[in-house]
Amino acid sequence: MLRRSTQAVLAAASLASVAVSHQVLDLGTVDWTLASPNFSHISVPGKVPSQVHLDLQDAQVIGDPLHALNEFNLRWIAYSNWTYTSSPLALQKNASSTWLVLNGLDTFTSIEFCGQHVAATNNQFRQYYFDVSAFLGFCDRPVLSINFGSAPIIANATRAIPGQETWPFGVQQLYEFPNREYIRKEQSDFGWDWGPAFAPAGIWQPAYVVQLPPQNVYVRNTLVDIYREGQYNFYAPDQTKDWVLNASVDYLGSLPLGVNVQYTISDASGENLQAGSLSNVTSEDGRLTGSTSVRDGAVEPWWPVGMGQQQLYNLTLNIVDSSNTTVVTVKKRIGFRTIFNNQTPISQEQIDLGVAPGGNWHFEINGHEFYAKGSNFIPPDVFWPNVTEQRLRQLFDSVIDGNQNMLRVWSSGAYSPDFMYDLADEMGILLWSEFEFGCALYPVNEKFLENVAHEVEYQVRRVNHHPSLAYWAGGNELENLELQTVYKKAPDEYPRYLAEYETLFLDTIVPILLGNTKSISYSPSSTTNGWQSLDFSKSQPITQRYENLTAGAIYGNTDSYNYNITQLGNLSRYPVGRFANEFGYHSMPSLQSWQQAVASEDLSFNSSVVMLRDHHPPAGGVNTSNFYNASIGQGQMTMAVQKWYPVPDKTDSLANFSAWCHSTQLFQAEFYKFQIEFYRRGSALPERQLGSLYWQLEDQWQAPTWAGIEYDGRWKVIHYVAKDVFKPVIISAYRNVTNNDLEIWAISDLWSSISATVNLTWYDWSGNKLNISMDATTNVSVGAINGTKILVSNLDTILQGRDAVNALLRMDVSAQGSRPNSNSTQTFTHTNWFHPAPLSSSNLTDPGLELSKNNGSFTVKATSGVAAFVWLDYPGGAVLNFEDNGFWLAKGEEKEVGYKVKSDTTGGRWKDAVTVRSLWNNALSEGY
Ligand code: BMA
């Protein structure tokens, strides 16, 4: 497997341009041995970057950790200590200084070099660097050895320290290994409700030995902050101002006196747009900082996908000495944009436009509000060294193909690698980023806070130059869930825990953030009612609103889960807020994914292997006996299918399993569709709702989860359905399930108004047009990021006694408009179907689907009735996405569907095995 070393590339680049060369030994290029003091028989080759599980797997000491119940079988690895020992390193004897530079150690280490103890580390998210010059002087065998302690055991021991912080029962969400909140390690390594718990260890990021001549430096991190003059993180930037470019380099070693920093900004073709020396250069404690300004209009702005070009520039910084010799060169790819998370009070002007009072909560790109469409990103693999650029590119391709423009990078995994931001910069995906805290409250002792402060400073500086970086949030669901739970469980102790929360997420993080970036907004919690006031005289200016709400006013963003299966499509249950950053329901992966991990005899809905891979609701412990909760999660999916769809009852057990898996995906898809449509309509309502990010984008193993994309990249039904309702212009029906009132809306997130033509036709399931007339407006205009009501009526009035089980409404909209920042007019179309009765009781008829295979596409035709949820399926061994899937067809309608192949080990034979089905097939005992 390809593992990347971005730093190595950068280091090589900087080597080329220095006068007196420094030597950077990439520790990924030397031999390593992995052994354990707990197991004398294990001694295998190790790698950097890597993790113990991966190296043991490569050496065939263990099998695939994701296979069957290996999660449980491999706990011994997490409970053991492990040592990575290098071969003797080829180092210079006469260097002026020698440094260990370790970009990521997971997590608890004791480091030895030349047989001497160098340091101990305890934070997976920090970059560590140690001056080991003194050790080398007396060293014949420069061997580096990094001993990793068991994270679960150390977490337990930390918890047991007398006087250690505790929280009321129920506040700290327990997944599998306990006490994750005491340590700075990827929190989902200890288990989550969509993933296994391996608690891996290892040198998980690139590592180097750096040797410097006198008056020479190694750049270990660089901050670039680009903002409009006068910009302040919590207010809308003035788009007429010039740009400020602030650059700050963290280095090891010592600089000659009198250096200055020369810079060039060039475009992709290499043409220099601007060059000069940075002004206001300051130098202290291994940090050199300076700035320049770039005239407004001198550069093209960077836009997210669908809103304009992803214009990128190259920034080169040359640190030169007084004789104009370059000491070191740093290159960063940058973009010019402002991205602002607006939490300001709703203005009178907004109220006059119909916006409900309260607080804003939305994003603005380059001064323009937009509708954020996307999902929540979780760690795409339980072992980060497996996450290659190529894999992320494939995933991000699906993000773009799915009409998504923003991902919330959920905060209890790991800080995203640079190459992930690089891809997002190129593809125009905004990455809402978070500090790695979630579903718990955290200690606030001095050591913990100091540790976090180092982590925050390193990470904020590392990624700030990426135009795709959209936002920083402190942690996951802290305000709406954690603080609320304390309030409910221990109201007397609420003030204390609130104060501690503020100590960490405001007093500690905010001054570091504001000290480094003026371009990125921050909120302590992912879901929040926003700030109430700001006091600029303080280094921590924020006073949060919490529950200080005014009746009738709307604040903040929303997070909503409802596992009561009877509520599908009940709009009154959805939260009304300014932005939806989480909502969802779990579903099974496809049979093809299950087959990658589970033996054929275990492929049934409630086999113990399948059940034990369902981690929702969380197990609450590490043993299989804790997993009785899995039956709740499996039960929720089962009951949802039973209530809303024809229940699969296939003769063949594998086909039945497959049909059940697929049906859980149909429920998930409808569940999300109704909510996304509801939130998008909110852009036209007093809440002025401006974002839908569903839970969750992708999987990290083959299991029942909320994901829309399975572990190998295969799309579930929801990713297709979300693609459809994330189109710029959509038409949707809204039914009040209590009184049967029905509304139909055309909704657009384009930035200029459109003129749209609407067609509404009722059919029965056999495909006959029904003679139902509705008083609908068929030619409408829809404003910028807005919606227009086409129909308000009552379903009983419309159906006039007809049985809802045999009535279907097809809605088509076709609109002329243009995309943001584009002058060309284009046609936007959308088709949607409304079924007034649950599909479980509808009069489904055989649509007589026909599939023909063309060169580069497939054609599907419904010959004898309406086809609901037409599904093109393809075998394992390939990963591709169809242009469209999970769609409906009227009788006689045919659709040509293209596809994009992402990977293929079948030599193209997958094409011969493509099949088509629709919901009708659920009712058949044969086939799927
Ligand atoms: C929210 C998220 C995650 C979780 C998901 C599904 O709570 O923030 O922590 O995995 O819902 O339960």
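Computed from a predicted model, the values in this text were never measured in an experiment.

1. Notes on the pairing of strand β34 (residues 754-763)
Of all the ten residues making up β34, seven are buried; the element is thus mostly covered by neighbouring parts of the structure. Bridge count between β34 and strand β35 (residues 779-782): four bridges; the pairing is antiparallel. By the bridge assignment, Ser755 is partnered in β35 with Ser781. Where β34 and strand β37 (residues 808-817) come together, nine bridges link them in antiparallel fashion. Its bridge partner being in β37, Thr757 is matched across the sheet by Ser814.

2. Let's talk about the nonpolar core
In terms of nonpolar packing, the biggest core is built from 163 residues, with Phe370, Phe377, Phe396, Phe435, Trp472 and Tyr522 touching the most fellow members. Ranked by the residues each element gives to this core, the list is headed by helix α12 (residues 494-516), at twelve residues. Among residues more than four places away in sequence, those in contact with Phe377 are Trp384, Leu392, Leu395, Phe396, Leu407, Arg408, Val409, Trp410, Met420, Leu697 and Glu698. Counting residues in hydrophobic clusters, the runner-up holds 45 residues, among them Val30, Val44, Leu91 and Ala207.

3. Description of the pattern of salt bridges
Here the structure, examined in full by the defined rule, presents 34 salt bridges. Ionic pairing is found between Asp58 and Lys47, a salt bridge with its closest N-O pair at 2.6 Å. One end of the pair, Asp58, is in helix α2 (residues 52-58); the other, Lys47, is in the loop between β3 (39-46) and α2, with eleven residues separating them in the sequence. With relative accessibility at 31%, the residue Lys47 sits in the partly exposed group. Close ionic contact of Arg810 with Glu893 constitutes a salt bridge, the shortest N to O distance being 2.8 Å. One end of the pair, Arg810, is in strand β37; the other, Glu893, is in the loop between β43 (887-889) and β44 (894-904), and 83 residues separate them in sequence. Using a relative accessible area of 13% as the deciding quantity, one classes Arg810 as buried. Residue class for Glu893 comes out partly exposed when judged on its relative accessible area of 23%. Residues joined in a network through salt bridges with shared partners are Arg333, Glu389, Arg393, Asp422 and Glu426.

4. Considering the sheet that holds strand β8 (residues 128-131)
In space, the four strands of this open sheet follow the order β1-β10-β5-β8, with antiparallel pairing throughout. Edge strands, defined here as strands with exactly one partner in the open sheet, are β1 (23-26) and β8. Taken over all neighbouring pairs, the strand axes of this sheet differ in orientation by 20 degrees on average, direction set aside. Relative to strand β10 (residues 207-212), β1 is paired through four bridges, and the arrangement is antiparallel. Bridged to Leu25 within β10 is Val209.

5. Some points on the sheet that holds strand β6 (residues 108-113)
The six strands are arranged β3-β2-β4-β9-β6-β7 in an open sheet whose pairing can be described as antiparallel. The open sheet has two edge strands with one neighbour each: β3 and β7 (116-122). Each strand of the sheet is rotated relative to its neighbour by a mean of 20 degrees, with strand direction disregarded. Here strand β2 (residues 32-36) runs beside β3; their pairing, made up of five bridges, is antiparallel.

6. Some remarks on the UniProt feature "domain: Mannosidase Ig/CBM-like" (unreviewed entry) in the protein chain
UniProt records the feature "domain: Mannosidase Ig/CBM-like" (unreviewed entry) at residues 741-825, using the numbering of this structure. Split by type, residues 741-825 is 6% helix and 48% strand. Its first and last C-alpha atoms lie 35 Å apart.

7. A few points about the UniProt feature "domain: Beta-mannosidase Ig-fold" (unreviewed entry) in the protein chain
The residues that UniProt annotates with the feature "domain: Beta-mannosidase Ig-fold" (unreviewed entry) are residues 844-922. Along residues 844-922 one finds 0% helix and 51% strand; the C-alpha atoms at either end are 10 Å apart.

8. What to know about the state of the cysteines
All chains considered together, the criterion is met by one disulfide. Bridging Cys114 to Cys139, the disulfide has an S-S length of 2.2 Å. Between Cys114 and Cys139, the disulfide has an S-S torsion of -95 degrees and is therefore left-handed. Separated by 25 residues along the polypeptide, Cys114 in the loop between β6 and β7 and Cys139 in the loop between α5 (133-137) and β9 (144-148) bring together distant segments of the chain. Residue classification places Cys139 among the buried residues on the basis of a relative accessible area of 5%.

9. Details of helix α9 (residues 418-427)
Each turn of an α-helix holds 3.6 residues, which means side chains three or four residues apart point in the same direction. Of all the ten residues making up α9, eight are buried; the element is thus mostly covered by neighbouring parts of the structure. Residues of α9 that are buried include every one of Asp418, Phe419, Met420, Tyr421, Leu423, Ala424, Asp425 and Met427, and no others. Where α9 ends, the next residue or the one after it, Gly428, has phi of about 85 degrees, a positive value.

10. Some remarks on unusual backbone geometry
Across residues other than glycine, the phi torsion is negative in most instances, and most of the peptide bonds are trans. Of note, the amide linkage connecting Val48 to Pro49 takes the cis form, showing an omega dihedral of -5 degrees. Here Pro49 is to be found in the loop between β3 and α2. In this chain, Trp695 is followed by Gln696 through a cis amide linkage whose omega measures 10 degrees. For Gln696, the location among the structural elements is in the loop between β31 (691-694) and α17 (717-725). In this structure, Asn740 takes a positive phi of about 65 degrees despite not being glycine.

11. Examining the confidence of the model for the protein chain
Residues of the protein chain with pLDDT of at least 70 account for 98%, and the chain-wide mean is 96. pLDDT under 50 marks residues 1-19. Its contacts with residues more than four places away, or in other chains, come to 39 contacts.

12. Things to note about the site of the ligand
Around the ligand sit Trp192, Asp193, Trp194, Trp410, Cys439, Asn476, Glu477, Tyr561, Glu582, Trp695 and Trp706, and those are all the residues in its vicinity. At a separation of 3.0 Å, an oxygen atom of the ligand approaches a polar side-chain atom of Trp192. Within the side chain of Tyr561, one N or O atom sits 3.1 Å away from an oxygen atom of the ligand. For the ligand, whose free accessible area comes to 300 Å², the fraction covered by protein is 92%. In this structure, the shell around the ligand is formed jointly by two domains, domain 1 (2-210) and domain 3 (371-584 + 673-694), each of which donates at least three residues.

13. A short note on the side chain of Asp699
Locating Asp699 in the fold gives a position in the loop between β31 and α17. Buried and unpaired, Asp699 has no salt bridge, with Lys716 as the nearest side chain of opposite charge at 4.5 Å. Within the local environment of Asp699, its side chain forms a polar contact with the side chain of Thr705, the two groups lying 2.5 Å apart. If sequence neighbours within four positions are ignored, Asp699 has contacts with Ile378, Pro380, Thr705, Ala707, Ile709, Glu710, Tyr711 and Lys716.

14. Some thoughts on the packing of helix α8 (residues 389-401) against α9
To characterise two packed helices, one gives the angle between the axes of the helices and the distance between these axes. With their axes 10 Å apart at the nearest point, α8 and α9 run at an angle of 35 degrees to one another. Judged by the twist between their axes, the crossing of α8 over α9 is right-handed. Of the residues in α9, those touching α8 at Glu389, Leu392, Arg393, Phe396, Asp397 and Ile400 are Phe419, Met420, Leu423, Ala424, Glu426 and Met427. A class-by-class count of the residues in the contact of α8 with α9 yields eight nonpolar, no polar and four charged.

15. Notes on the packing of helix α15 (residues 630-644) against helix α16 (residues 653-681)
Relative orientation of the contacting elements α15 and α16 amounts to 80 degrees, with a least axis distance of 9 Å. Comparing the axis directions of α15 and α16 gives the class roughly perpendicular. Residues Met637, Thr638, Ala640, Val641, Gln642 and Trp644 of α15 pack against Trp660, Ser663, Thr664 and Phe667 of α16. Tallied by class, the residues present in the contact of α15 with α16 amount to six nonpolar, four polar and no charged.

16. Section: the packing of aromatic side chains
With the rule as written, the count across this model stands at 70 aromatic pairs. Aromatic pair Tyr874 and Phe882: ring centres 6.0 Å apart, planes at 70 degrees, arrangement edge-to-face. Residue classification places Tyr874 among the buried residues on the basis of a relative accessible area of 4%. An aromatic cluster of three or more residues is present, and its members are Tyr561, Tyr563, Tyr574, Phe583, Tyr585, Phe667, Phe671, Tyr672, Phe678, Tyr679, Tyr694 and Phe726. Note that Arg75 overlies the ring of Phe177, its terminal NZ or CZ placed 5.3 Å from the centroid. The ring of Phe437 is capped by Arg184, whose NZ or CZ atom sits 3.9 Å from the centre of that ring.

What counts and what doesn't
- Residues numbered from 1 in each chain as written.
- Predicted model: local features only at pLDDT ≥ 70, side-chain atom pairs only at ≥ 80, totals over all residues.
- Heavy atoms only, no water.
- Buried < 20%, exposed > 50% of the residue type's maximum accessible area, 1.4 Å probe, protein only.
- Helix = DSSP H or I, 4+ residues; strand = E, 2+ residues; numbered from the N terminus.
- Pairing = 2+ DSSP bridges.
- Core = buried A, V, L, I, M, F, W, Y, C linked by side-chain atoms within 4.5 Å.
- Contact = heavy atoms within 4.5 Å.
- Salt bridge = Lys/Arg side-chain N within 4 Å of Asp/Glu carboxyl O.
- Axes fitted to C-alpha atoms, helices over the stretch in contact; angles between N-to-C directions.
- UniProt positions renumbered as here; feature names shortened; annotations may be inferred.
- Disulfide = S-S within 2.5 Å.
- pLDDT = per-residue confidence, 0-100.
- Near = heavy atom within 4 Å.
- Polar contact = N/O pair within 3.5 Å; in protein donor to acceptor, adjacent residues only side chain to side chain.
- Areas by Shrake-Rupley, 256 points an atom, 1.4 Å probe, with all protein chains shown as cover.
- Domains from an automatic or database assignment.
- Lys, Arg positive; Asp, Glu negative; His and termini not counted.
- Left-handed = near helix turned anticlockwise from the far one by under 90°.
- Nonpolar A, V, L, I, M, F, W, Y, C, P; charged D, E, K, R; others polar.
- Parallel < 35°, antiparallel > 145°, perpendicular 65-115°, else oblique.
- Phe/Tyr/Trp six-rings, centres within 6.5 Å; stacked < 30°, edge-to-face > 60°.
- Lys NZ or Arg CZ within 6 Å of the ring centre and 35° of its normal.

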